[in-house]
Number of protein chains: 2
Amino acid sequence: MSWLDIAPDSPFSLANLPFGIISTSGNSTPRAAVAIGTYAFDLSSFSPASAPAKVKQYWEAFSSPTLNTFASLGRPFHREVREYLQTVLKDASNKDAVRKCLVLLSEVTNHLPLKIGDYTDFYASTNHAYNIGVLFRGPDNALQPNYKHLPVAYHGRASSVVVSGTPIRRPWGQILLDPKAEPKVPTFTPCKRLDLELEMGMFICTPNNLGEPVDVQNAEEHIFGYVLMNDWSARDIQAWEYVPLGPFTSKNLGTSISPWVVLADAAIPRAEGLPNENQLASYLQEGKKANMLDISLEVDLVTANGKKKTITKTSSKNLLWSWPQMIAHHTITGCNLQPGDLFGSGTISGTETGTEGSLLEQTKGGKMVVNVEDEERKFLLDGDSIVIRGWAGKDGERIGFGEVGGQILAPLDLGKK
Amino acid sequence: MSWLDIAPDSPFSLANLPFGIISTSGNSTPRAAVAIGTYAFDLSSFSPASAPAKVKQYWEAFSSPTLNTFASLGRPFHREVREYLQTVLKDASNKDAVRKCLVLLSEVTNHLPLKIGDYTDFYASTNHAYNIGVLFRGPDNALQPNYKHLPVAYHGRASSVVVSGTPIRRPWGQILLDPKAEPKVPTFTPCKRLDLELEMGMFICTPNNLGEPVDVQNAEEHIFGYVLMNDWSARDIQAWEYVPLGPFTSKNLGTSISPWVVLADAAIPRAEGLPNENQLASYLQEGKKANMLDISLEVDLVTANGKKKTITKTSSKNLLWSWPQMIAHHTITGCNLQPGDLFGSGTISGTETGTEGSLLEQTKGGKMVVNVEDEERKFLLDGDSIVIRGWAGKDGERIGFGEVGGQILAPLDLGKK
């Protein structure tokens, strides 16, 4: 084990070594680090004296302000680097050199770990899709005929993906105050149904050319690593705008991700996903029975007054489609993925109360309340925060994702002048 | 007028001066140029000796491989540069210095003019939206209740935006061979309904912060310039995939744009757009009656055998929403635009036969044929090309966009192994 003192339940064990971009009070330049125990290990200031030749040659990538260059060097290289870092953290002769590069996690500023060329959000949790579908379209049209034939997705907004801790301002938009009234005339007003979406994120490291789909059997090699995601959603704005071209401003207000990218080689346990009785198109046939990441996920709602409740506990295996299937489908018409591209899994929900990844589901469309100590919530109020946590594995070798959090700010005043 | 000999009907008059990124056989490094007459004027190799101080100071931006730095310097600077270039091209003392930097347009390689952070496609031509809506959802649900209240849009795929001349490979995807059969079981096959979409594109130059919408009255200052666009679409793949989250793989196979960006300051004539009887939300109230660009647009279909027909003649004024309204709506929930972001207007169609911007409309959903000399077409076949042209203004002062073209390649073989 490491010569560093690492608590058994630390999400940042030697089995993990997630990568991120940090700056510090002493050095405001963003650069690469790995999280280990309670520390960030600043790679840009470490000299990899005993490293294999290729690792030494490309170590300067860790002085970049993003992980894109490192990611684009491909998974075999990432493996070499992780193995080297594990060696360094196990061999006590490195103690002094490493300690100079350690900063307490509580004292670093985290930045977006990669520059995101495109962000795509999938819809891969059957339970969530069904719950939402019932609310928006009724039980008969909840799950569309295409749902279990292809990984449904929409292009998201890359520019508004932000790192954990970034505040999210309650948006204005057009909403139907009374969805049943005719004719349908919207009101321009602050969003009254601001929601969270518990998701997993995945970053691409290896590109494919335009016109050349990625084979599902090769797709794992295109994966850099994973983060937690909160795809903040304005449900009332969404309901009015989304037909027929999908959600737009209701989503592009902001999407938060955790700062530490757990690399694909970290041995996250896998399990079976949600059942699919369909005969799949050939390009989606993965032939692997238990290929879903099995990460424990929790969501805390913290009110403006500091009252707190864990409103969701679920697992990331509650998905119909795997990441390789999402990659194969995303590229099937020839779309070219780039290093730094971000995929969202879609909101992850289990089947039982307390496992749903959004307030819209937990409140059955705003009809029920969620109790947070002595307060009640249907949707998020100004000053509320959401914190999402995720981890996998046993004590001493936990693979954790840290957190993704954000607080809701009061809206601007955009009323008529 | 210019000391250069420029034909009266040249799209690249002194009144235009569009910017692009070129390389040449003698110098493969992409760099900035303006189009003038039959030439590209290579700005990176020109010394702006008599320019105003700020123009001189930032001239090195024209040695970048994209126009993003130039764009981000803002519209007042773009105006200064255009005025300086017009002076240089009118004052014959500059002849020798300029001639050294001229290359025939027929001898340059055009590159994507800007690095695109995000691409958003609107749906702003009522005629097109109605025609498509009838085909996908029937006349009663053709135009949704939201259509004339907000500029409907979806996020597109930035990575697959390509410059004119890039070939487009016929994609594979899931389609319903018989849309009426039950249950709905798709077939994985090459697309049989490959289509074009005639659009205008607009690039952003000035960003806004996350959480801070752009006021519709200030939005023009955020506009860098305009291009022609062909948003290639796989109609059969689209019909199966698009409910409920919008079109995805049917669009991300590729989007082509013309290489010369006509700057916002080029005095394109304006006209009234399509009528909107609604009371608009305050943030969309522009208060300008005739604010649509009035650009003549034509589409040629050239078959694999070289048979040719102009299948579409229309104007870019056939839009319900202006670019400032699209910018205001895109940012209304706080979305942050970046220099280099690309907007598409959505397919532009007039009301009459021969003015529709897609084959789906011209063939009434594949029921009628389009005659191309002695050949017939419903949708695009392998080897076919589409060429889109656009221009405005009178002889001697034309503001033209050149062309955006692309040829369809035969599909890969993705059949079962």
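Numbering of residues starts from 1 in every chain and runs along the sequence as written. To label them, take the chains in the order written and letter them from A, then take the ligands in the order written and number them from 1. Whole-chain, interface and lining totals are the exception, using all residues; otherwise, since this is a predicted model, local features are given only for residues with pLDDT of at least 70 and side-chain atom pairs are given and counted only at 80 or more. Just so you know, side-chain values use all the structure's heavy atoms and leave hydrogens and water out.

Here we come to unusual backbone geometry. The omega angle of the peptide bond from A:Glu182 to A:Pro183 is -5°, so this bond is cis rather than trans. Think of it this way: any DSSP run of H or I at least four residues long counts as a helix, any run of E at least two long counts as a strand, and we number them from the N terminus. Tracing the backbone shows A:Pro183 in the loop between strand E10 (172-175) and strand E11 (187-190). Even without a glycine there, the phi angle at B:Leu17 is positive, about 60°. Accessible area is worked out with a 1.4 Å probe on protein chains only. A residue is then buried under 20% of its type maximum, exposed over 50%, and partly exposed in between. Look at B:Leu17 and you get buried, because its relative accessible area is 0%. Not every positive phi belongs to a glycine, and B:Lys364 is a case in point at roughly 50°. Looking at where B:Lys364 falls in the secondary structure, it is placed in the loop between helix H9 (359-362) and strand E23 (370-372).

In this complex, chain A contributes 63 residues to the contact, which on the side of chain B involves 63 residues. Defined in terms of a 1.4 Å probe, buried area is the accessible area two parts forfeit on being brought together, summed over both. Each partner contributes to the roughly 5,700 Å² buried at the junction of chain A and chain B, and carbon and sulfur atoms together form 62% of this total. Salt bridge, as used here: a side-chain nitrogen of Lys or Arg that lies within 4 Å of a carboxyl oxygen of Asp or Glu. In this structure, A:Arg157 engages B:Asp118 in a salt bridge whose closest nitrogen and oxygen atoms are separated by 3.4 Å. The definition of a polar contact used here is a pair of N or O atoms within 3.5 Å, where within protein one atom must be able to donate a hydrogen and the other to accept one, and adjacent residues in sequence count solely through side-chain atom pairs. Taken together, chain A and chain B are joined by 32 residue pairs in polar contact (both at pLDDT 80 or more). Those elements that place two or more of their residues in the side of chain A that touches chain B are strand E6 (119-122), strand E7 (153-155), E10, helix H6 (235-241), helix H7 (249-252) and helix H8 (323-330) of chain A. Polar here means any residue outside two lists: the nonpolar Ala, Val, Leu, Ile, Met, Phe, Trp, Tyr, Cys and Pro, and the charged Asp, Glu, Lys and Arg; Gly therefore counts as polar. Its residues assigned to classes, the side of chain A that touches chain B shows 33 nonpolar, 21 polar and 9 charged. Throughout, a contact is declared for two residues whenever any of their heavy atoms are within 4.5 Å.

What follows concerns the UniProt feature "binding site: Ca(2+)" (unreviewed entry) in chain A. Residues and elements named next belong to chain A. UniProt positions are given in the numbering used here, feature names are shortened, and annotations may be inferred rather than shown by experiment. Here, UniProt's "binding site: Ca(2+)" (unreviewed entry) annotation points to Asp121, Glu197, Glu199 and Asp231. These annotated residues cover 111 residues of sequence, but their C-alpha atoms sit close together, with the largest distance between any two at 11.2 Å. Residue placement: Glu197 occurs in the loop between strand E12 (194-195) and strand E13 (198-204). Glu197 gets classed as buried once you look at its relative accessible area, which sits at 4%. Residues in contact with Glu197, not counting those within four places in the same chain, are Asp121, His128, Met229, Asn230, Asp231, Ser233, Arg235, Lys251, Thr347, Gly357 and Ile388. Here the side chain of Glu197 touches Arg235 through a polar contact of 2.9 Å, side chain to side chain. With respect to the helices and strands, the residue Glu199 is situated in strand E13. Judged by its relative accessible area of 0%, Glu199 is buried. Setting aside chain neighbours within four positions, we find Glu199 in contact with Asp121, Leu228, Met229, Asp231, Gly344, Ser345, Gly346, Thr347 and Ile348.

All right, on to the packing of aromatic side chains then. When we look at a pair of aromatic rings, we describe it by the centre distance and by the angle of the planes. Each Phe, Tyr or Trp ring, with Trp reduced to its six-membered ring, pairs with another whose centre is within 6.5 Å; inter-plane angles below 30 degrees give stacked pairs, above 60 give edge-to-face pairs, and intermediate values give tilted ones. Tallied over the entire structure, the rule returns 34 aromatic pairs over all chains. Ring plane angle 55° and centroid distance 6.2 Å describe the contact between A:Phe46 and A:Trp59, whose orientation is recorded as tilted. In this pair, A:Phe46 is assigned in the loop between strand E3 (39-42) and helix H1 (53-58) and A:Trp59 in the loop between H1 and helix H2 (68-72), connecting sequence segments 13 residues apart. With respect to class, A:Phe46 is no different from A:Trp59; both count as buried. Seen in terms of ring centroids, A:Tyr283 and B:Phe188 are 4.6 Å apart; in terms of plane orientation they differ by 40°. Their pairing is tilted. Taken together, the positions of A:Tyr283 in the loop between strand E18 (270-271) and strand E19 (292-293) and B:Phe188 in strand E11 (residues 187-190) put the pair across two chains. Classification of A:Tyr283 by relative accessible area gives buried; the value is 10%. Note on B:Phe188: relative accessible area 16%, which makes it buried.

Under the defined criterion, the tally for this structure stands at 48 salt bridges over all chains. Residue B:Arg157 pairs with A:Asp341 through a salt bridge whose shortest N-O separation is 2.5 Å. Pair noted here: B:Arg157 is in the loop between strand E7 (153-155) and strand E8 (161-163) and A:Asp341 is in the loop between H8 and strand E22 (342-344), and the two residues belong to different chains. A:Asp341 sits in the buried class, given a relative accessible area of 0%. One salt-bridge network, in which partners are shared between bridges, spans A:Arg75, A:Arg79, A:Glu220, A:Glu221, A:Asp265 and A:Arg270.

Residues and elements named next belong to chain B. Positionally, Ile168 belongs in strand E9 (residues 168-169). Judged by relative accessible area, which is 2%, Ile168 ranks as buried. Each residue touching Ile168, except ones within four places of it in the same chain, is listed here: Val162, Trp232, Leu253, Ser256, Gln407, Ile408 and Leu409.

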